[in-house]
Amino acid sequence: MEGVLTLDGHRTALPYSYSDIPSPSKPAARHERKQTGPLDPVFDAIKEQGLTFGQFLQQAFESPSRNKPTRSSTHRQMVSKFLGGESNVHADHIAELMYQSHDSAPARIRQAKGGRPASGKHRRDPKNMARHKLQEWAREKVEDEISAEGKKLSDKDAGLRISSRNATWDFVRSFSLANIRSSVEEHAPTLFRMLVAASVAPKDRETTTAFDFQQDLPTGRGSNRREPIFMILVAILMLMNARNLQFTLFQKIIGLWLFANSASPEIFAVLCRIGLSIAYTTTIHFLRQLTNSTRIKLHSIAKARKFALIYDNFNRMKRIWDPELGQKNVMDSGTAATLVVLEDCNPEKAFDLQALQDAQAAGRRRELTADGLYRRIDWEKLDMVMALHCLNFLAVEISRTDVLEFVKMRLQTSSAIHRMRPGRKTEMHPLGTSDYDEGLTGGNKQVLDDLILNQLGLTKEEMDNLITIVGGDQSTIEKLRALKRFAEDCTHGYATYNWVLPLIQLWHMGWSDLERILATHWGNQSDISTFAYMNERLNRKVKNVKRPDYYPAQALVFDTLQAEVLDCWRELLKTDNLKSYFATNSLPVEELLQQAKTLVQTWMNSRGAQIAFKSSNGAGRFPLGSAWRQNDESTSMSEGKPGTEIRGDHVLANTILRMRDSMLHYEFQHAIAGGDIGRA
């Protein structure tokens, strides 16, 4: 039976069949005055029930209550199927059709000439029409949703709030924008989408939301554009702080960063006002909380005695931003220390004080002569490691990944001496700073007493039987040794400071070695075998001073070394272009390693330098250049007569010695980075 369903569940017969209704694709004939459609019977039935179309939809979707009769089964099934997403047409499709319909907003009124409306027809109020109503409804729903999400995100369960109990350095170090994004996407997806839509063009939104925080950001002028995701997440963190004053994780991180960079309290005040940081006094309080939580953990670590202490001085200029008469900038100095947890060792054996004292009493230090140290070096292994580094320079130049993997494997296996356990990550804990001057012998005593007795909570009796490694720069170690000499007559075990084992840290060793290399091979700008010449040609600004700028000086040494090693490869392989050579000659790795050994033996050891200094090159060890003869008018050289040949190549010999020393420094740095203290 064909008919229309009424709201009470009964069917009303239609005066004609659906087959008699013309299809939408086949409009009625033009001569018909009234156009009919397939839904006319439905609308007629609605009218017969005394309902408007809006009342019909309201009753169709209104949930039943006790005061109203329940829906019929047919009514319930059809509504449930539609709202449950089981039909071909979904609710969002209907809402979009209603919103986009030309009947949901006032029609545009054409303007006649002179600015007069072309029609005098009354224009309906848009606020009462469907499009405006839908917009207002959508705004209210989004507002409610964002409010609920803001409450969830700012709640302590979201993990973005830090309490006094959780104020630890581990929590601070775990802060990352990647974790922030994960929490925001989980607890406030609507807010996140809204800010992305507001700040990013549609074509870039997918790239922004899928940004990988682990990737290396591009550098250089014109290619270091700020990623929108950073600003979006920071904006969310600021908004949550405005909603909940306890939401201060991000602001505390910024406060620590400002404090570490000696920012003025006025900067704290301004950034605190706009929600980017906490106040200066709050930062100080937060630092005290971090110190207290760390101290509890350090006490338990110190009891096991598996730690080393490293400290150095720090200087901070206290600037007077608005100086008055008699005021000036003041340099604040103090000492900062770090506790390093020592793993993979038995402290009872490794730090036995009696074993150290027995070795000192035996006088074995006398064995550390130049000859003794020379015999302790495994020269064959050292030459092999240097050859591997030369091979690595070549592999990088010609892009041979198989050679790079081979070099990496050999340095970690057969050429390794004492590597760290794979996957080991050193555990470090910053200690409290003090205003003691570690540049003085008495100041080092105060620093040690503060670290051991005050911050680590150990007793003097606990320090008697085990050694404690104390590291620093050369000046600190010198003062510690002087302290031990001054206190050796004390009767109490702690007061003698025999439990202190001073060790110069590797970074300072490397700095001293860098200073030695520059001082030895600096020379003058007219000699191509010197660093002075290379510094000028490479347009560097390195200076040959007692304490050179570390990283610029190291870059000069390494860049020069790599360029000269590649030049040796060209000489060894008889080619001017390494890339073109290996494009047609695919040499196996083992053969290249043998060539690298030859390179080291020829251009990177003391024997090669001596041969270049004195020999006539009869064996053809070096490529023979044109003979240099003393100028007939020259009388600057005392040996030889005018016109006689000068034997040996001093420029080549000096270059070989410089390459040797540079490669030894490169190996020292590479061994430290690779965790092989045996090689270092």
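Structure's up top.
Residues numbered from 1 in each chain as written. Predicted model: local features only at pLDDT ≥ 70, side-chain atom pairs only at ≥ 80, totals over all residues. Heavy atoms only, no water.

### Looking at the state of the cysteines
Here is the rule: Disulfides are defined as cysteine sulfur pairs within 2.5 Å. We call a residue buried when its accessible area falls under 20% of the maximum for its residue type, exposed when it is over 50%, and partly exposed in between, using a 1.4 Å probe and counting protein chains only.
This structure, assessed with the given rule, holds zero disulfides. Of all cysteine sulfurs in the structure, the one in C568 sits closest to C390, which takes part in no disulfide; the separation is 7.7 Å. With a relative accessible area of 0%, C390 lands in the buried category.

### Things to note about helix α7 (residues 177-187)
Defined as follows: A helix here means a DSSP run of H or I that spans at least four residues, while a strand means a run of E at least two residues long, and both kinds are numbered starting from the N terminus. In this description, the arc belongs to the directions extending from the helix axis to the C-beta atoms. Whether two residues touch is decided by their heavy atoms; if any such pair falls within 4.5 Å, the residues are in contact.
Where α7 is concerned, the buried positions are L177, I180, R181, S183, V184 and H187. Along the long axis of α7, the arc covered by the buried residues comes to 165°, so they all point the same way. Each element contacted by the buried residues of α7 is listed here: α5 (130-154), α8 (189-199), α9 (205-209) and α10 (228-243).

### Focus: a nonpolar patch on the surface
Convention followed: Nonpolar side chains (Val, Leu, Ile, Met, Phe, Trp, Tyr) are joined into patches within 5 Å and like charges within 9 Å, using only residues with over 30% relative accessible area and no salt bridge. Calculation of accessible area relied on Shrake-Rupley with a 1.4 Å probe; when residues are assessed, cover is drawn exclusively from the protein chains displayed. For this document, the term salt bridge refers to a Lys or Arg side-chain nitrogen within 4 Å of an Asp or Glu carboxyl oxygen.
Together, V89, I94, L97 and M98 give the surface a local cluster of nonpolar side chains, amounting to about 340 Å² of exposed area. Within the secondary structure layout, M98 lies in helix α4 (residues 91-100).

### Brief notes about the pairing of strand β6 (residues 468-472)
Most of β6 sits inside the fold, with five of its five residues counted as buried. Of the two faces of β6, the one holding T468, V470 and G472 and the one holding I469 and G471 are both buried throughout.

### Some points on the pattern of salt bridges
Counted by the stated rule, this structure contains 19 salt bridges. Among the salt bridges present, the one from R139 reaches E136, with a minimum N-O distance of 2.8 Å. Of this pair, R139 and E136 both sit in helix α5, three residues apart, which is roughly one turn of the helix. When its relative accessible area of 47% is taken as the criterion, R139 is described as partly exposed. Of the charged contacts, one joins E462 and K303 as a salt bridge, the two residues approaching to 3.3 Å between their closest N and O atoms. Taken as a pair, E462 in the loop between α19 (441-455) and β6 and K303 in helix α13 (residues 280-303) lie far apart in primary sequence, 159 residues in all.

### Topic: the nonpolar core
Operational definition: Note on terminology: a nonpolar core comprises buried Ala, Val, Leu, Ile, Met, Phe, Trp, Tyr and Cys residues joined through side-chain atoms within 4.5 Å.
In this structure, L391, W569, F582 and M604 are the most contacted members of the largest nonpolar core, which totals 58 residues. Sequence-distant contacts of L391, that is, excluding residues within four places in its chain, are made with V403, F406, V407, W569, L592, L593 and A596. The next biggest cluster of nonpolar side chains, apart from the first, holds 27 residues, and it includes V184, V200, F211 and I236.

### As for a negative patch on the surface
Just so we agree on the cut-off: For the charge count, each Lys or Arg is scored as positive and each Asp or Glu as negative, with His and the chain ends excluded. Where a charge lies is defined by one atom per residue type: Lys uses NZ, Arg uses CZ, Asp uses CG and Glu uses CD.
On the surface, a cluster of negative charge is contributed by E140, E143, D144 and E145. On the secondary structure map, E145 appears in helix α5. A residue is classified by how much of its surface remains accessible, and E145, at 38% relative accessible area, is partly exposed.

### Points about the packing of α8 against α10
This is how the line gets drawn: Lines are fitted to the C-alpha atoms to define the axes, a helix being fitted only along its stretch in contact, and any angle between axes, read from their N-to-C directions, falls within 0 to 180 degrees. Put simply, angles under 35 degrees are roughly parallel, angles over 145 are roughly antiparallel, angles from 65 to 115 are roughly perpendicular, and the rest are oblique. When the near helix sits turned anticlockwise from the far one by under a right angle, the crossing is termed left-handed; a clockwise turn instead gives a right-handed crossing. In this classification, the charged set is Asp, Glu, Lys and Arg, the nonpolar set is Ala, Val, Leu, Ile, Met, Phe, Trp, Tyr, Cys and Pro, and all remaining amino acids, among them Gly, are polar.
Remark: α8 packs on α10, axes separated minimally by 10 Å, with the N-to-C direction vectors making an angle of 130°. Put simply, α8 runs oblique to α10. In terms of crossing hand, the pair formed by α8 and α10 is right-handed. On α10, the residues that touch L191, F192, L195, V196 and S199 of α8 are I229, I232, L233, I236, L239 and M240. For the contact of α8 with α10, the residue count by class is 10 nonpolar, one polar and no charged.

### Let's talk about helix α26 (residues 606-614)
Regarding α26, the residues found buried are G608, A609, I611 and A612. With its buried residues spanning 160° around the axis, α26 presents them on a single face. In α26, those exposed residues whose orientation departs by more than 90 degrees from the buried face are R607 and K614. Where α26 is buried, its residues touch α25 (589-603) and α27 (650-673).

### Describing the packing of aromatic side chains
Applied cut-off: Each Phe, Tyr or Trp ring, with Trp reduced to its six-membered ring, pairs with another whose centre is within 6.5 Å; inter-plane angles below 30 degrees give stacked pairs, above 60 give edge-to-face pairs, and intermediate values give tilted ones. Note on geometry: a ring has a charge over it if NZ (lysine) or CZ (arginine) is within 6 Å of the ring centre and within 35 degrees of the ring normal.
Taken as a whole, this structure holds 17 aromatic pairs when the rule is applied. Pairing F268 with Y280 gives two aromatic rings, centres 5.2 Å apart and planes at 80°, and the pair type is edge-to-face. Of the two residues, F268 is situated in helix α12 (residues 265-273) and Y280 in helix α13; the sequence distance between them amounts to 12 residues. Measuring from ring centre to ring centre gives 4.9 Å for Y374 and W379, while their planes differ by 40°; the resulting arrangement is tilted. Residue W379 is classed as partly exposed on the basis of its relative accessible area, which comes to 34%. Members of the aromatic cluster, connected to one another through ring pairs, are W507, W511, Y550 and Y551. Across from the ring centre of Y99, 5.5 Å away, lies the NZ or CZ of R131, which sits over that ring. Stacked on the ring of F531, the Lys or Arg R658 has its end atom at 5.2 Å from the ring centre.

Don't take any of this as a statement about function, it's just geometry.
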